[in-house]
Amino acid sequence: MLKIIIVVLLIGVIVSLFSGLVFLFKDAEKPDSRRTLHALGVRITLAAALLLTVFYGFYTGQLRLGTNAPWHTGTVAEQPQAPQE
């Protein structure tokens, strides 16, 4: 469930960033328009929520750094040993 929330927040940050870009180009002739400012404010809020969610996941142990990757599930091949004398 936590990973779904993280993906949704990340998509929201990207959508807000692109909407701010669109508003920046559309409102170039309107100096009193604040749509770009509001879109970037939403992006900052979503980014803060994303960071808090990731920190919460690490704190509770629901997220782990590098230990649950698919390539970590296999066994590690044994290193060749030097011949003993």
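The shown structure was predicted, so the numbers you read here are calculated from the model rather than taken from an experiment.

K.L.:
Help me understand the nonpolar core in this model?
P.N.:
One broad rule of soluble globular proteins: the nonpolar side chains tend to lie buried together. Of all hydrophobic cores here, the largest spans five residues; its members are Leu2, Ile6, Leu9, Leu50 and Leu63. When residues in this core are grouped by element, the largest group, three residues, is from helix α1 (residues 2-26). With residues up to four places along the chain from it excluded, the contact list for Leu9 reads Leu46, Ala49, Leu50 and Thr53.

K.L.:
Looking at this structure, how should I read the packing of α1 against helix α2 (residues 35-60)?
P.N.:
Each pair of packed helices gets described by two things: the angle between the helix axes and the distance between those axes. Across the interface, α1 lies against α2 with an axial gap of 8 Å and an inter-helix angle of 165 degrees. Judged by the inter-axis angle, α1 sits roughly antiparallel to α2. Viewed along their axes, α1 and α2 form a crossing whose handedness is left-handed. Looking at side-chain class alone, the contact of α1 with α2 contains 17 nonpolar, seven polar and three charged residues.

K.L.:
What exactly am I supposed to notice about the pattern of salt bridges here?
P.N.:
A side chain with one charge can pair with a side chain of the opposite charge if their charged atoms come near. Across all of its chains, the model carries one salt bridge by this definition. Arg35 is the salt-bridge partner of Asp27, the closest N and O atoms lying 2.9 Å from each other. By relative accessible area, which is 8% here, Asp27 ends up buried.

K.L.:
What should I look at first to understand the environment of Ala47 in this one?
P.N.:
Relative to the elements of secondary structure, Ala47 occurs in helix α2. Note on Ala47: relative accessible area 26%, which makes it partly exposed. Separated by 35 residues in the primary sequence, Ala47 and Gly12 have C-alpha atoms spaced 8.8 Å apart.

Rules used throughout
Residues numbered from 1 in each chain as written. Predicted model: local features only at pLDDT ≥ 70, side-chain atom pairs only at ≥ 80, totals over all residues. Heavy atoms only, no water. Core = buried A, V, L, I, M, F, W, Y, C linked by side-chain atoms within 4.5 Å. Buried < 20%, exposed > 50% of the residue type's maximum accessible area, 1.4 Å probe, protein only. Helix = DSSP H or I, 4+ residues; strand = E, 2+ residues; numbered from the N terminus. Contact = heavy atoms within 4.5 Å. Axes fitted to C-alpha atoms, helices over the stretch in contact; angles between N-to-C directions. Parallel < 35°, antiparallel > 145°, perpendicular 65-115°, else oblique. Left-handed = near helix turned anticlockwise from the far one by under 90°. Nonpolar A, V, L, I, M, F, W, Y, C, P; charged D, E, K, R; others polar. Salt bridge = Lys/Arg side-chain N within 4 Å of Asp/Glu carboxyl O.

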